[in-house]
Amino acid sequence: MARPLLATKLYVPRARPGLVVRQRLLDRLDAGATARLTLLSAPPGFGKTTLLAEWTRASSSPGKQVAWVSLDAGDTDPGSFWPYVVASLAALVPGLGEACEDLAGAGRPAGPEAITTLLNELAGVAGEVWLVLDDYHLLSNNEVRDGVRFLLEHLPPQVHVLISTRVDPDLPLSRWRGRGELVELRAADLRFTREEATEYLRAATGLELAAADVEALGERTEGWIAALQLAALSLRGREDAGAFIERFAGDDRYIVDYLMDEVLAHQPDDIRDFLLRTAVLDRLTGGLCDAVTGLDGGGGSLARLERANLFVVPLDDQLVWFRYHHLFADVLRARLLAERPAEVPGLHRRASAWYEANGFHDEAIGHALAAGDFDRAGHLVEAALPEVRRDRRDAALIGWLRALPEETIGASPLLTTFRAWAALVAGDLDALEARLDHADALLSAVQPGTQPAWQETPESRTLPATIAMYRASLAQARGDLAGVVRHARRALDAAGPDDHFWRGGASGFLALAAWSDGDIPTAVETFATAIASLHSAGALVDALSSSALLAEMWTVAGRPDRAREVAVRALAASQAIGLGAARATADLHVALAELDLEAGDLESAELHLAEAQPLAEREPNSESRYRWFVAAARRAEALGDHDRAIWLLDEAEGHYRPGYYPNVRPIAAVRARVSIAAGDLARAADWVADSGVSLTDEAGYLREYEHLTLVRLVLAGRPADPHEAITLLRRLEAAAEASGRAGSLAEIRELLARAQDPTGRDEPRLGNPSHQPADALTERELQVLRLLDSELSGPEIARQLFVSHNTLRTHTKHIFTKLDVVTRRAAVTRARERGLL
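This one's a predicted model, so the numbers in the text were calculated from it and none came from an experiment. (Residues numbered from 1 in each chain as written. Predicted model: local features only at pLDDT ≥ 70, side-chain atom pairs only at ≥ 80, totals over all residues. Heavy atoms only, no water.)

Caption draft 1: Molecular detail of the packing of aromatic side chains. Summed over the entire model, instances satisfying the criterion amount to nine aromatic pairs. Look at Phe81 and Trp82: their rings are 4.9 Å apart centre to centre, the planes differ by 80°, and that puts the pair in the edge-to-face class. Using a relative accessible area of 1% as the deciding quantity, one classes Phe81 as buried. Judged by its relative accessible area of 1%, Trp82 is buried. Between Tyr355 and Phe360, the ring centres sit 6.0 Å apart and the planes meet at 90°, which makes this aromatic pair edge-to-face. Given a relative accessible area of 6%, Tyr355 falls into the buried group. (Phe/Tyr/Trp six-rings, centres within 6.5 Å; stacked < 30°, edge-to-face > 60°. Buried < 20%, exposed > 50% of the residue type's maximum accessible area, 1.4 Å probe, protein only.)

See below:
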């Protein structure tokens, strides 16, 4: 069930009775009509929300419309945040909710395209529109914050945003400040002046306090509104106001706790009991309070507390939902733990039951964990799995799994399996295997015809396929190709005909096994089928991310044109989704950067890497993060910056996680190639010793990159039997030719051309670098050369390679220079003489 929206979060808090009207600050807020952003940034207790509420209700501008969203820690993903924003604005703009359906639906991705639709709708609104985002510091999700930044960067002139926060947001404030597009109110602005403090205390206490007493309070609180409010509550009805203020003005570092105690001490027993019992709740409503306290009348109690100004903040105009002031809640909870520690678990347990019954999974799980009721929390996590997995809320799931004790995890095959998944994400293969073994043992222990001890859920029905998939991943990480195939086929057998996600995953592993074995045609065909299954399952982000891998397969097959076509098409689809597909977008940018590097287009590679970097940083354990560093290292090497290339490869090694894709291009071998290019043959020789690679190895695709790296080292001058190097190249050539790896053949034959004598015989000219061609053709130049040996015209070749005609001319010029020719026909003839065609 989708997480329901809390309409109460769209409240405009009511202005509190007895508050002084601070016209100087209201005027500052009105000045926001000339800015894109008005920022209220100050610590808690400085009256940010109260000031915004007063400004909202005391509108002095005709046509001003205010939409309000109160944020909380649950708004950590776009599927929670944007529906509230749309709902608040839709109350002002008829039809906006329908037009912005992609943002209004909980759990849907929120990319630039969807946010642009919202901006277009707002652009047509007459009058000023203000969007208030209260408690913005509670937003921890980078995707949400990037979306807000996009919104702010493209606001129509009559639309403005007000943010209240405890810490400055990650926005270009200095740039907007310099342009006059930012209005700021900070703690120094929000503090009560002496006059305001005098007026406030007189109104709040009903006492005519001496000027010296007011001054003492003002100095001690430094204008902090929350402390003045606490003092005012404690002063009510006192005859010894002067003595109290004298104590308050003393050097007491626990003054806030003292005032809280003073407030609580003067409450009737029933109110004090209500406050303590409901202190476990972040939000309060009548039914929830009744469930927690075991009494009736919770809604009425909340309304009375609000009227008494007892640190209760209303969250809607109907006075249905409330919350306690944060400082007040902290002290209430501390008092509850001190006085009634035995009651706390039961209070959390009742809150969990109420939230579960009303469809709020996150809150239900949180209170079950706080209660220490781990069996209940485990069942709730199992029930939430379909929603959490669908919305890709991996961080939330990992957090819950870590919070559950081992005995709870170990009693459930479902939780055990997803704890294994968390181990895979962390790269802990031993833990992955141990947990999968335990999950299998739990399933095997269930006798036919008997009911298992765990609850049946949609996820438990597909559990055998899930376990088989993760075993295939484990086998992949360990280089066990037979195991990959065995477990992938087991997953296919266990999955039903409509279990498209698991069928797609299993087919993907079969494709990876074929790739590892060097059978590229089978790998390409099978992986395309896997991607189609992922599309059918609705796993669009996974399908698009997998397209980056399919592009790499096409490159190995000698079809960089097809690889680029796949990556470009998938990137367009990923960018249309927006930030919800950030991982796929990063993968595809990196794939295109690697294609550019092969083509020698360093400028385009740099652009793709720049686009991928901030997206890849969101997923530090993702494949795109490690691949980004490798691609960046290759570009640095091409620019001659070998030190930076080595540093980038060291970073890549820290991000590499085995288990996802075949390790056909080991980082250590890439580092060795950089060392060879830098002339550091001793370091490259160390790699040879560490890797165990030799010229007499059996030819296989998984070690092909390492073998070719070794040959490059021999060509650079490392002592070796030259005949063995040529023989290895011939074996690699035969294997690549038989398996349809035209991309591999290009590099193998280029190295053969450098290793043979000028007549093309297998007579070595190795060991003396000065006898090598000064400029070997790059992979991209070899691709161009093969197309020059065709009937295609220049423009047709450029379209085939997805490059401009000018770029093709540059490649052709380099080829002519390196082959010492001046015509296309002569280039083809010379290439055939050298065995390049």
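Caption draft 2: Helix 20 (residues 361–371), seen in detail. Along helix 20, the residues that are buried comprise His361, Ala364, Ile365, His367, Ala368, Leu369 and Ala371. Where helix 20 ends, the next residue or the one after it, Gly372, has phi of about 75°, a positive value. (Helix = DSSP H or I, 4+ residues; strand = E, 2+ residues; numbered from the N terminus.)

Caption draft 3: A look at the pattern of salt bridges. Inspection of every chain in the model, using the stated rule, returns 47 salt bridges. A salt bridge links Arg175 to Glu153; the shortest N-O distance between them is 3.2 Å. Here Glu153 lies in helix 7 (residues 142–153) and Arg175 lies in helix 8 (residues 173–178), a separation of 22 residues in the sequence. Note on Arg175: relative accessible area 32%, which makes it partly exposed. (Salt bridge = Lys/Arg side-chain N within 4 Å of Asp/Glu carboxyl O.)

Caption draft 4: Local environment of the environment of Ser352. Within the secondary structure, Ser352 is located in helix 19 (residues 344–357). Note on Ser352: relative accessible area 0%, which makes it buried. Once residues within four sequence positions are removed from consideration, Ser352 is found in contact with Ala364, His367, Ala368, Arg376 and Leu380. Polar side-chain contacts of Ser352 include one of 2.9 Å to the side chain of Arg376. (Contact = heavy atoms within 4.5 Å. Polar contact = N/O pair within 3.5 Å; in protein donor to acceptor, adjacent residues only side chain to side chain.)

Caption draft 5: Layout of the pairing of strand 2 (residues 65–70). Burial analysis of strand 2 places six of its six residues in the buried class, which makes it a mostly covered element. Alternating residues of strand 2 divide into Gln65, Ala67 and Val69 and Val66, Trp68 and Ser70, and every residue in both groups is buried. Sheet analysis places strand 2 next to strand 3 (residues 129–134), joined by six bridges and oriented parallel. Residue pairing across strands places Ala67 opposite Leu131, the latter belonging to strand 3. (Pairing = 2+ DSSP bridges.)

Caption draft 6: Expanded view of the environment of Leu207. Along the chain, Leu207 turns up in the loop between helix 10 (194–205) and helix 11 (211–221). We classify Leu207 as partly exposed; its relative accessible area is 21%. The spatial distance from the C-alpha of Leu207 to the C-alpha of Glu239 is 9.7 Å, given a sequence separation of 32 residues.

Caption draft 7: Examining the pairing of strand 4 (residues 159–165) more closely. Of all seven residues in strand 4, seven are buried, a share of seventy percent or more. Neither face of strand 4 is left uncovered, since the one carrying Val159, Val161, Ile163 and Thr165 and the one carrying His160, Leu162 and Ser164 both have all their residues buried. By the bridge criterion, five bridges tie strand 1 (residues 37–41) to strand 4 in an arrangement that is parallel. From the neighbouring strand, Leu37 faces strand 4, where its bridge partner is Val161. Where strand 3 lies against strand 4, five bridges are found, and the strand directions are parallel. Bridging across to strand 4, Val132 finds its partner in Leu162.

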